[in-house]
Amino acid sequence: MPTTMPSYSRPIASKLPDVGTTIFTVMSRLAQEHNAINLSQGFPDFDCAKELRDLVTKYINAGLNQYPPMAGVMRLRECISEKAESLYGAKYDPEHEVTVTPGATYGIFNAVATMVRPGDEVILFEPAYDSYAPAVQVAGGTPVYVQLRYPDYSIDWNEVQRAITPKTRMILINTPNNPTASVLSGEDLRMLESLLRNTDITVVSDEVYEHIVFDGHRHQSVASFPGLAERSFVVSSFGKTYHVTGWKMGYVLAPKELMNEFRKVHQFNVFVTNGPLQHALAEFMENPDAYLSLAAFYQKKRDFFLQGVKGSRFKPLPSRGTFFQNLAYDAISDEKDTDLAVRLTKEKGIASIPVSVFYRRPPQHRVLRFCFAKSEETLAKGAEILSKI
Ligand SMILES: Cc1ncc(COP(=O)(O)O)c(C=O)c1O
């Protein structure tokens with residue numbers, strides 16, 4: 001019997017040669033080591049509703065512990081469909097057009113795997129959530145980047161038009177946007193709708209922060225625009241909406257023809273998504289208050305954090321949605337954001353995410369991302385540290 005694992009000695013043609021440990025793992029680990037206030041990784045430091053936890057226990061104890069249907073528990077699919085209709089005026093048939101997935105990252109990955117073939121191009125916006133490019137690359141596609149315009153991180157639709165080629169298979173959008181906290185307007189989506197008319201380009205629309213849009217604005221979903229809905233996979237996450245990021249539960253909406261293909265891949269990728277959690281979420285969703293009150297809940301936290309850093313030398317950039325606040329630090333240092341984020345964690349006891357990690361090459365501007373999905377106590381401590389820098 002060998003005492004250690006023998007090593008694999010042949011060359012590996014890595015599909016993701018540039019991928020290492022994600023910055024989120026690195027910063028959270030560093031925050032822990034230095035006992036720092038952790039405003040880096042995007043997850044709440046408070047628990048989900050007790051009612052939701054009790055529902056999970058209820059369904060586990062009721063014996064609903066075997067494989068649920070491949071596309072998801074019907075009652076949950078119906079709730080999702082009703083929500084999409086009431087909020088976005090879009091009718092998704094729960095039988096054929098709604099699939100429950102183990103998280104949104106999975107939904108995005110599976111949609112990309114369904115549509116993208118070797119040689120296809122996929123348009124991404126930079127900065128981009130870190131899972132997008134690897135999903136495209138594993139499918140054999142090529143990411144094509146369009147830059148969001150600093151400091152409001154808006155989209156130049158002329159540039160998008162120039163990026164479209166006969167090889168463009170898909171365009172991946174994200175609103176509200178991580179890491180920029182920007183949102184797309186109805187006008188943006190109309191621009192996209194008209195750009196894609198007469199093409200066979202599909203859309204993956206990452207809308208995991210759909211219920212976290214601030215200052216009285218409404219989330220604009222591709223589901224509301226028929227010319228986009230007909231070609232889109234709309235992806236959302238229960239993790240963000242119900243403070244259960246560790247559950248990895250989400251869903252995908254798409255027209256029947258696209259969803260049929262999506263399910264072929266899904267069937268052999270994971271087959272089904274956690275059953276008792278689906279039953280619990282279905283019952284919990286019957287009361288819309290939790291998701292309808294989420295924007296106000298997080299806006300209060302955003303404003304509390306902003307008030308706390310008001311006198312500081314950091315300059316807040318607009319946070320129109322998500323649970324992130326970006327702070328520019330031109331007045332403080334000309335260090336790289338990656339260096340500053342590490343130094344602030346070690347020396348000042350506050351952890352953030354350097355926004356440059358969401359780019360292939362670091363941009364000129366200097367910005368750190370802070371997550372405000374935290375208790376007021378944590379936010380107050382964090383803001384106090386930042387105010388002294
Ligand atoms: C833009 C975006 N998409 C997807 C996800 C992942 O969602 P899930 O945890 O449901 O996979 C996140 C989580 O941070 C995110 O910020």
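As the structure is a computational prediction, the values presented were derived from the model and not from experiment.

(A) Spatial organisation of the overall build of the protein. When you go through the protein residue by residue, the secondary structure sums to 15 helices and 13 strands. The C-alpha atoms of the protein give 21 Å as radius of gyration, which agrees with the globular expectation for 389 residues (21 Å, within 12%). Seen through its principal axes, the protein has C-alpha atoms that stretch 65 × 55 × 50 Å. Buried positions account for 54% of the 389 residues belonging to the protein. Of the contacts made within the protein by residues no fewer than 6 positions apart, 75% connect residues no fewer than 24 positions apart. For the protein, the separation between the mean place of its 42 positive charges and that of its 43 negative charges on side chains is 4 Å.

(B) Quick peek at the site of the ligand. Surveying the vicinity of the ligand reveals 13 residues, the closest of which are Thr105, Asp206, Tyr209, Lys240 and Lys248. Within the side chain of Asp206, one N or O atom sits 2.6 Å away from a nitrogen atom of the ligand. Take Lys240: an N or O atom from its side chain is 2.7 Å from an oxygen atom of the ligand. In the complex, 93% of the free accessible area of the ligand, which totals 400 Å², lies under the protein chains. Cavity membership is defined here by more than half of the atoms lying within 2 Å of grid points; on that basis the ligand lies in the largest pocket.

(C) Molecular detail of the layout of surface pockets. Of the voids in this model, the largest pocket is the one considered here, and its volume is about 1,200 Å³. Lining the largest pocket we find 45 residues, and of these Thr22, Phe24, Tyr129, Asp130 and Ser131 sit closest to its centre. In terms of residue count, helix α5 (residues 132–138) provides more of the lining of the largest pocket than any other element does, four residues in total. Of the residues contributing to the lining of the largest pocket, the split by class is 21 nonpolar, 15 polar and nine charged. In this structure, the second largest pocket occupies an estimated 290 Å³ of space. Glu210, His211, His217, Arg218 and His219 are, among the 15 residues lining the second largest pocket, the residues nearest its centre.

(D) Fine view of empty space enclosed by the protein. On inspection of all chains with the given rule, the structure shows three cavities of 30 Å³ or more. The volume enclosed by the largest cavity comes to roughly 110 Å³. For the largest cavity, the lining is made up of 14 residues, of which Phe125, Leu148, Ile155, Asn174 and Asn177 are closest to its centre. Of the residues belonging to the lining of the largest cavity, the class tally is 10 nonpolar, four polar and no charged. Lining the second largest cavity are Lys83, Ala84, Tyr88, Glu207, Glu210, Ser221, Ala223, Val234, Val235, Ser236, Tyr251 and Leu253. Residue assignment for the lining of the second largest cavity shows that the elements contributing at least two residues are α3 (74–88), β7 (232–237) and β8 (250–253). Its residues placed into classes, the lining of the second largest cavity shows seven nonpolar, two polar and three charged.

(E) Geometry of the confidence of the model for the protein. Averaged over every residue, the pLDDT of the protein is 97; the share at 70 or more is 99%. By mean pLDDT, the top-scoring element of the protein is strand β6 (residues 202–206) (99), and the lowest-scoring one is helix α1 (residues 23–33) (90).

Procedures and definitions
- Residues numbered from 1 in each chain as written.
- Predicted model: local features only at pLDDT ≥ 70, side-chain atom pairs only at ≥ 80, totals over all residues.
- Heavy atoms only, no water.
- Helix = DSSP H or I, 4+ residues; strand = E, 2+ residues; numbered from the N terminus.
- Rg over C-alpha atoms; globule rule 2.2 N^0.38 Å.
- Buried < 20%, exposed > 50% of the residue type's maximum accessible area, 1.4 Å probe, protein only.
- Contact = heavy atoms within 4.5 Å.
- Lys, Arg positive; Asp, Glu negative; His and termini not counted.
- Charge placed at Lys NZ, Arg CZ, Asp CG, Glu CD.
- Near = heavy atom within 4 Å.
- Polar contact = N/O pair within 3.5 Å; in protein donor to acceptor, adjacent residues only side chain to side chain.
- Areas by Shrake-Rupley, 256 points an atom, 1.4 Å probe, with all protein chains shown as cover.
- 1 Å grid on protein atoms, 1.4 Å probe; cavity = no way out; pocket = protein on both sides within 12 Å on 5 of 7 lines; lining within 4 Å.
- Sits in = over half its atoms within 2 Å of the grid points.
- Points joined across faces, edges and corners; volume = space filled by probe spheres on them.
- Nonpolar A, V, L, I, M, F, W, Y, C, P; charged D, E, K, R; others polar.
- pLDDT = per-residue confidence, 0-100.

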